[in-house]
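# Fold and geometry: a report
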Amino acid sequence: MDLRIFTEPQQGATYDTLLAVAKATEDLGFDAFFRSDHYLRMGSSDGLPGPTDAWITLAGLARETKRIRLGTLMTAGTFRLPGVLAIQVAQVDQMSGGRVELGLGAGWFEEEHTAYGIPFPKEKFARLEEQLAIVTGLWETKLGDTFDFHGTYYDLKDSPALPKPAQEKIPVLIGGHGAVRTPRLTARFADEFNIPFASVEDSERQFGRVKAAAVEAGRPANDLTYSNALVVCVGKDDQEVARRAAAIGREVDDLKANGLAGSPAEVVDRIGRFAEIGSQRVYLQILDLSDLDHLELISSQVQSQLS
């Protein structure tokens, strides 16, 4: 079971804070550092000092880390033209020496689009399908060849399809709860399927849909990696769990029911239930980015038991 650190910087974080978490992620033996792609805080947080851009952040971290994978859960398809996104991600992959992964979603948070003057199209899922075809198509085009795409929303002609990533293939993640279109897109374009904030039962059901879609598309079901994203709150004792839950404005009972919370032993057991239904990787949503002791505890008491 791979454990990856997943951050939500729109709730309030500077680049220096993210760098500290990323370096701790690397030093403590976690597999990857991922971040959300949002420009507006959610809930009661003040969001100070303001948003940071996902791919600018990852470009900086690409030069300041050495081992960990770097990526997004999920890049909003509404934020960037697909040709531009392909260039940005390929460049960051080069800057990292081939450690980048792209999670790409349709975009959903209308308020952040309104706040920053970003168009919020009505039909986002059909756009996402074209975006995935363009981004992956540009990367797969052989050197010296050109790439053309003529769709409903995007039109590319004689693109040199440059630059190329450092990796032969940048892993693409698709995620969500959709019962039909999401599994179909995953089977066509993705290397990994991620379901966010879902129960064991809902995860198993959605993994089954994705596996069926993969087989229907002519891919072995085990050709994909299956993963979960879950909020995490671990403590050495009940008092520490309660303190960490209060720091992120959550109730312990809710965290235990819907995330990974409690003592290290409880969290190991809970992760084991996801492993039993086929989850191979967990993105640990860390909401208090100042609490690096939390990461150390998870590394020494949880990750060590899953290795």
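All of the points below concern the structure found in this document. (Residues numbered from 1 in each chain as written. Predicted model: local features only at pLDDT ≥ 70, side-chain atom pairs only at ≥ 80, totals over all residues. Heavy atoms only, no water.)

What follows deals with the side chain of Ser45. Within the secondary structure layout, Ser45 lies in the loop between β2 (32-35) and α2 (54-64). There is a polar contact of 2.5 Å between the side chain of Ser45 and the backbone oxygen of Gln11. (Helix = DSSP H or I, 4+ residues; strand = E, 2+ residues; numbered from the N terminus. Polar contact = N/O pair within 3.5 Å; in protein donor to acceptor, adjacent residues only side chain to side chain.)

For the coordinates displayed, the defined rule picks out six aromatic pairs. Seen from their ring centres, Tyr39 and Phe79 are 4.6 Å apart, and the 20 degrees between their planes marks the pair as stacked. Taken as a pair, Tyr39 in the loop between β2 and α2 and Phe79 in the loop between β4 (75-76) and α3 (82-96) lie far apart in primary sequence, 40 residues in all. Across the pair, exposure class does not vary: Tyr39 and Phe79 are buried alike. Pairing Phe193 with Phe207 gives two aromatic rings, centres 6.3 Å apart and planes at 85 degrees, and the pair type is edge-to-face. Taken together, the residues span a long stretch of sequence, with Phe193 in strand β9 (residues 192-196) and Phe207 in helix α7 (residues 200-216) at a distance of 14 residues. Owing to a relative accessible area of 0%, Phe193 belongs among the buried residues under this scheme. Classification of Phe207 as buried rests on a relative accessible area of 1%. An aromatic cluster of at least three residues, connected via ring pairs, comprises Tyr39, Phe79 and Tyr116. When the ring centre of Tyr226 is taken as reference, the NZ or CZ atom of Lys211 above it lies at 5.2 Å. (Phe/Tyr/Trp six-rings, centres within 6.5 Å; stacked < 30°, edge-to-face > 60°. Buried < 20%, exposed > 50% of the residue type's maximum accessible area, 1.4 Å probe, protein only. Lys NZ or Arg CZ within 6 Å of the ring centre and 35° of its normal.)

Turning our attention to the nonpolar core. Among the nonpolar cores identified, the biggest contains 75 residues, and Phe33, Trp55, Leu102, Trp139, Leu260, Leu284 and Val302 are the most heavily contacted of them. By residue number, the principal contributor to this core is helix α5 (residues 125-140), which donates eight residues. If near-sequence neighbours (up to four positions away) are discounted, Trp139 is found in contact with Ala86, Val89, Ala90, Leu102, Lys164, Pro165, Ile170 and Val172. Judged by nonpolar contacts, the second largest core, of seven residues, contains Phe6, Phe34, Leu73 and Ala229. (Core = buried A, V, L, I, M, F, W, Y, C linked by side-chain atoms within 4.5 Å. Contact = heavy atoms within 4.5 Å.)

This part takes up the packing of α5 against helix α6 (residues 181-189). Running from N to C, α5 and α6 cross one another at 5 degrees; their axes reach a closest spacing of 11 Å. By the angle between their directions, the pair α5 and α6 is classed as roughly parallel. Here α5 contributes Phe125, Leu128, Glu129, Leu132, Ala133 and Thr136 to the contact with α6, which in turn contributes Arg181, Thr182, Arg184, Leu185, Arg188 and Phe189. (Axes fitted to C-alpha atoms, helices over the stretch in contact; angles between N-to-C directions. Parallel < 35°, antiparallel > 145°, perpendicular 65-115°, else oblique.)

The buried count for β9 comes to four of five residues, which makes it a mostly enclosed element. Alignment of strand β8 (residues 172-175) against β9, held across three bridges, turns out to be parallel. Of the residues in β9, the one forming a bridge with Gly175 is Asn194. For the crossover from β8 across α6 to β9, the handedness is right-handed. In this sheet, strand β10 (residues 225-234) lies alongside β9 in parallel orientation, the contact comprising five bridges. Across the sheet, residue Pro196 finds its bridge partner in β10, namely Ala229. Handedness of the crossover joining β9 and β10 through α7 is recorded here as right-handed. (Pairing = 2+ DSSP bridges. Right-handed = clockwise from strand over helix to strand, strands pointing away.)

Our next topic: α6. Within α6, the full set of buried residues consists of Thr182, Pro183, Leu185, Thr186, Ala187 and Phe189. On its buried face, α6 sits against α5, β8, β9 and α7.

We now examine unusual backbone geometry. Looking along the chain, the bond that leaves Leu48 and enters Pro49 is cis, with omega of 10 degrees. Relative to the elements of secondary structure, Pro49 occurs in the loop between β2 and α2. Geometrically, the link from Leu162 to Pro163 is a cis peptide bond, its omega value of 0 degrees lying close to zero. Examined against the element boundaries, Pro163 turns out to sit in the loop between β7 (155-159) and β8. Non-glycine residue Asp158 carries a positive phi angle of around 55 degrees. Structurally, Asp158 is set in strand β7. Relative accessible area serves as the criterion here: at 46%, Asp158 is assigned to the partly exposed category.

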